[in-house]
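Spelled out, the chains give:
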Amino acid sequence: MDFTLSSEQAMLRDGARRFLESAGDKGWARYAELGWLAAAVPEDAGGLGADVADMALLAEEMGRALAPPSFADGAVLAVRLVDRIAGATRRALLSGVMEGARRLAPALYEPRRRYALSPETRADRSGGGYALSGAKVLVADGEATDGLLVSAALDGGIGLFLVDPAGPGVERRAYDAVDGSRFADFAFHGAPLDPAGLLGAASPEILEDALDEARLCVCADMLGGLERAMEMTADYLKTRTQFGQPLAGFQALQHALADMFVEADAVRSSVFRALSAFGGDDRSRRRAVSSCWVETFGAAKQLAGMAVHLHGAIGFTEEYRVGQYLRRAMVAERRFGDVEHHLDRYRTLAG
Amino acid sequence: MNLAFSAEEKAFAEEVRGFIADNLPAPMAAREAMGFHAERARVAEWQRILNRRGWAAPSWPVEHGGTGWTPVQRYIFERECGLANAPEVNLISLSMVGPVLCRFGSPALRERFLEPILRSDAWFCQGFSEPEAGSDLASLRTRAVRDGNDYVVDGHKIWTTDGHVADFMICLARTDPEARPQAGLSMIILPMDDRGVTVRPIRTLDGDHHINEVFLDGVRVPAGNLIGEPNTGWTQAKYLLAHERTHNAYMGMLCRYVARIPGLVDAEEAAGLPAGQAEALRRRHARLAIDVEALEWSVLRVLAAEPGARAAASASALSVRGARCLLRAADLELAVLGPQAVPRFGPDDGPPLPAGATAAAPGRTTQYLYWWAATIFGGSDEIQRGIIWNAVFR
């Protein structure tokens, strides 16, 4: 086993860190030219075919930099869904994503149905095409998207549909999430779709597997953020003086930070473990991703919260950056299933 | 980056499992599973079985009887032994004295001790801690004074595991009282049957006897028993710590808990534990299993890392998390047993058990209590946190 980054991976990380530090949250426009939107796209569709470890590495840097969290949706999950499910339109859609011409937003979850992936939203055949009825929630980039990827019941199975978010019969309600990112909920009132709107047949398993790569990226994003919050806290303790000495001189605070290291180190190990499972069988991979989610988000709020706490009152201000990691954790932990959901999934998958 | 066990490593795990299945005596495993401390005779029997296969001393260089395994192979071996309820080997002899003699010992000392250790004929205890030198080990006061061709050792050691059954002590003593605390120490080997050695048992909270205090009163040993150059004992002690960076994660023991708790919950549910409580206990178990999975990868990361400050910090994190997980695991088992965890069982209390107790009960409370010691020995959690702060943040 070798946990050190290859020289290519180190270059990817260093380049991403430099770019994201200066880009702030305005970077997406340049993701295409950096090749990041092509990373997850398979080579046969003109993409880079990056493996999941590279994707996680990028996500980690995005988490550090508090970059837009919808990378996991638009550049990982959407790509996986289209890649696995779309037939005739696969190449065209993936090209659109890679070039930054299209911004696809997966819409899989539904109101008051937690994280169920068997849709109640349904597509009825209508005049050679379809009429879409139902609702979807928690769509990241739901405001900026030009194409929703909607899962809907069709003929007793599941179909994945490409839906114009501004089309007739589509009602959009956009809102701020706790971390300041933008989400939207959608209602479909018999929204008419032409036959090409159906990308292909899906199944809960296909959706889960596409989600798992995105989930791992969310965990890696959180890991990057937590490690950055920890670094910021150590730096702060070394510069802030009280009682005539730097706070870093107090053992209680040293040990609090050491405890954060202990927790974050476990999250890092869990991410590595899940990455390794992508080379194994389906059940192990699914189980390892849920294990990683539980490990990551079982620790995330406490870690990010301690970073706030150890800064004292300044950490509680909106202006000071460290608190953003706590807010990001509060959103991320509910994105693609939460700790309770993944603990159940982990147990269900026990062999 | 390469994050997979290789085909060779998987085959090796199979080989180890096969060997244990064929060679670990069932009564020995059953006794070990109970959780009482293994007595010397039982441990020695297992070590001799391993030695016949050439597996007694994985951490030694091959030319001295080691296995030539990679760190990952050594970890796999430890995990499989733990899972199979094999007794823990005498770590002082095999993982401390052996490697130190191989690295620093004179040819005469190697000749005299290495082979007997492998055969389990020479049993060591460790004489490091003293009443006034616990976490602050460098302040120890035991002195070894040169007198002609001998050293004469006087002092008082404490928390000495196996002191009552050991043949020898590897003793850390002050050989230069003028030097700064760390610089004046040496490691020296003492025979425990010397008339200047007095061993007094210390009963511990877990209801067992495994540690002692040892009084050294004019113990005279040949100067050749001093390991390496005089006043280099601290370097040797640090070498030891760097040598065994992952043992404190107790992965073998944790795997053992994770593997056996579900069966225990099933059995208790069948015997009347309400389904809702069984479900809650199973969730706790899953949560523990997930933490243990992460811990295993922390072990692998430390094993793969170049020695250095960062690896030392990760090793300290392992120690803190390992002890915490052990306590959670043992406490979960007590929760599964419920009222059956109340009676006190000693190491020699076999069946018949008190009314209502299952065979799974003896040893559970002993082991739970013992894991509180894991938050102390090998560097307390607070010492580990200090190491982490210094290595990562200072």
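Parameters at a glance
Residues numbered from 1 in each chain as written. Chains lettered and ligands numbered in written order. Predicted model: local features only at pLDDT ≥ 70, side-chain atom pairs only at ≥ 80, totals over all residues. Heavy atoms only, no water. Axes fitted to C-alpha atoms, helices over the stretch in contact; angles between N-to-C directions. Helix = DSSP H or I, 4+ residues; strand = E, 2+ residues; numbered from the N terminus. Parallel < 35°, antiparallel > 145°, perpendicular 65-115°, else oblique. Left-handed = near helix turned anticlockwise from the far one by under 90°. Contact = heavy atoms within 4.5 Å. Domains from an automatic or database assignment. Buried area = accessible area lost by both parts, 1.4 Å probe. Salt bridge = Lys/Arg side-chain N within 4 Å of Asp/Glu carboxyl O. Polar contact = N/O pair within 3.5 Å; in protein donor to acceptor, adjacent residues only side chain to side chain. Core = buried A, V, L, I, M, F, W, Y, C linked by side-chain atoms within 4.5 Å. Buried < 20%, exposed > 50% of the residue type's maximum accessible area, 1.4 Å probe, protein only. Expected span 1.5 Å × (residues − 1). Arc of directions from axis to C-beta. Phe/Tyr/Trp six-rings, centres within 6.5 Å; stacked < 30°, edge-to-face > 60°. Nonpolar A, V, L, I, M, F, W, Y, C, P; charged D, E, K, R; others polar. Lys, Arg positive; Asp, Glu negative; His and termini not counted. Pairing = 2+ DSSP bridges.

## Examining the packing of helix α4 (residues 71-83) of chain B against helix α8 (residues 251-270) of chain B
Residue and element names in this part refer to chain B.
- Between α4 and α8, the shortest axis-to-axis distance is 7 Å and the interhelical angle comes to 40°. What the angle tells us is that α4 and α8 run oblique. Considering only the axes of α4 and α8, their crossing is right-handed. On the side of α4, the interface is formed by Y75, E78, R79, C81, G82 and L83, while α8 contributes M251, G252, C255, R256 and A259.

## Focus: the domain arrangement of chain A
Residue and element names in this part refer to chain A.
- According to the domain assignment, chain A consists of domain 1 (7-99), domain 2 (104-202) and domain 3 (205-348).
- On a C-alpha basis, the centroid separation for the pair domain 2 and domain 3 is 31 Å.
- If you look at the interface, domain 2 gives 14 residues, while domain 3 gives 16 residues.
- Summed over both partners, the interface of domain 2 with domain 3 buries about 1300 Å², with 69% contributed by carbon and sulfur atoms.
- Seen at the junction of domain 2 and domain 3, the total is one salt bridge.
- In this structure, R114 engages D338 in a salt bridge whose closest nitrogen and oxygen atoms are separated by 3.7 Å.
- Linking domain 2 with domain 3 are one residue pair in polar contact (both at pLDDT 80 or more).
- Broken down by secondary-structure element, the contributors of at least two residues to the side of domain 2 that touches domain 3 are β3 (129-140) and β8 (198-202).

## Let's talk about the nonpolar core
- The biggest cluster of nonpolar side chains holds 172 residues, and the ones touching the most others in it are A:Y31, A:F71, B:W46 and B:W371.
- Sort the elements by how many residues they give to this core and helix α6 (residues 204-239) of chain A lands first, with 19 residues.
- Beyond its immediate sequence surroundings of up to four residues, B:W371 is in contact with B:Y250, B:M253, B:Y257, B:L326, B:L327 and B:A330.
- Counting 30 residues, the second-largest nonpolar core is a separate cluster that includes B:A57, B:L140, B:I227 and B:L240.

## Some words on helix α1 (residues 7-23) of chain A
Residue and element names in this part refer to chain A.
- The end-to-end C-alpha distance of α1, which contains 17 residues, comes to 24 Å, matching closely the 24 Å that a straight helix rising 1.5 Å per residue would cover.
- Every buried residue belonging to α1 is among Q9, A16, F19, L20 and A23, and all of these are buried. Angularly, the buried residues of α1 cover 105° about the axis, an arc narrow enough to put them on a single face. Within α1, the exposed residues directed more than 90 degrees away from the buried face are S7, M11, R18, E21 and S22.

## Looking at unusual backbone geometry
- The phi dihedral of A:R114 is positive, around 50°, even though this residue is not glycine.
- Residue position: A:R114 is located in the loop between β1 (104-107) and β2 (122-126).
- The exposed category is assigned to A:R114, whose relative accessible area is 63%.
- The phi dihedral of B:S120 is positive, around 65°, even though this residue is not glycine.
- Along the chain, the position of B:S120 falls in the loop between α6 (107-118) and β1 (124-127).
- Given the relative accessible area of 1%, B:S120 is considered buried.

## Here's the deal with the packing of aromatic side chains
- Counting across every chain of the model gives 27 aromatic pairs over all chains.
- Plain terms: the ring middles of A:F3 and A:F272 are 5.2 Å apart, the flat faces sit at 75° to each other, and that makes the pair edge-to-face. Remark: A:F272 occurs in helix α7 (residues 251-277) and A:F3 occurs in the segment before α1; sequence separation between them is 269 residues. Both residues of the pair, A:F3 and A:F272, count as buried.
- Among the aromatic residues, those joined into a cluster by ring pairs are B:F12, B:F19, B:W55, B:W69 and B:F77.

## Observations concerning the interface of chain B and chain A
- In this complex, chain B contributes 35 residues to the contact, which on the side of chain A involves 39 residues.
- By the criterion of area lost to chain A, the three top residues of chain B are B:M1, B:W389 and B:F393, representing 22% of everything that side buries.
- Our enumeration of links across chain B and chain A arrives at 11 salt bridges.
- Two residues, B:R283 and A:D344, come together in a salt bridge whose shortest N-O distance is 2.5 Å.
- Counting across the interface, chain B meets chain A through 17 residue pairs in polar contact (both at pLDDT 80 or more).
- Residue assignment for the side of chain B that touches chain A shows that the elements contributing at least two residues are α9 (275-304), α10 (309-337) and α12 (381-393) of chain B.
- Looking at which element gives the most residues to the side of chain B that touches chain A, the answer is α9(B), with 15 residues.
- In terms of residue class, the side of chain B that touches chain A is built from 18 nonpolar, four polar and 13 charged.

## Thoughts on the side chain of B:D206
Residue and element names in this part refer to chain B.
- If you trace the backbone, D206 turns up in the loop between β6 (197-203) and β7 (209-222).
- The buried charged residue D206 lacks any salt bridge, with R203 as its nearest oppositely charged partner at 7.5 Å.
- Reaching out from D206, the side chain makes a polar contact with the side chain of H210 at a distance of 2.9 Å.
- Residues in contact with D206, not counting those within four places in the same chain, are H37, T366, L369 and Y370.

## Topic: the domain arrangement of chain B
All names here are of chain B.
- The domain architecture assigned to chain B consists of domain 1 (7-89), domain 2 (124-230) and domain 3 (245-393).
- Taking only C-alpha atoms, the centre of domain 1 and the centre of domain 3 are 20 Å apart.
- Counting residues at the interface gives 18 residues for domain 1, matched by 21 residues for domain 3.
- Carbon and sulfur atoms supply 56% of the area buried between domain 1 and domain 3, which totals about 1700 Å² over both sides.
- Broken down residue by residue, the surface that domain 1 buries against domain 3 is led by M34, F36 and Y75, which jointly contribute 35%.

## Points about the pairing of strand β7 (residues 182-193) of chain A
Residue and element names in this part refer to chain A.
- Direction of pairing for β3 relative to β7: antiparallel, over a ladder of nine bridges. Bridge pairing in β7 links A135 to A187.
- In the sheet, strand β6 (residues 170-176) pairs with β7 via seven bridges, with the strands oriented antiparallel. If you follow D176 over to β7, its bridge partner there is R182.
- The hairpin turn running from β6 into β7, its antiparallel successor, is five residues long, and G180 in that turn takes a positive phi close to 90°.

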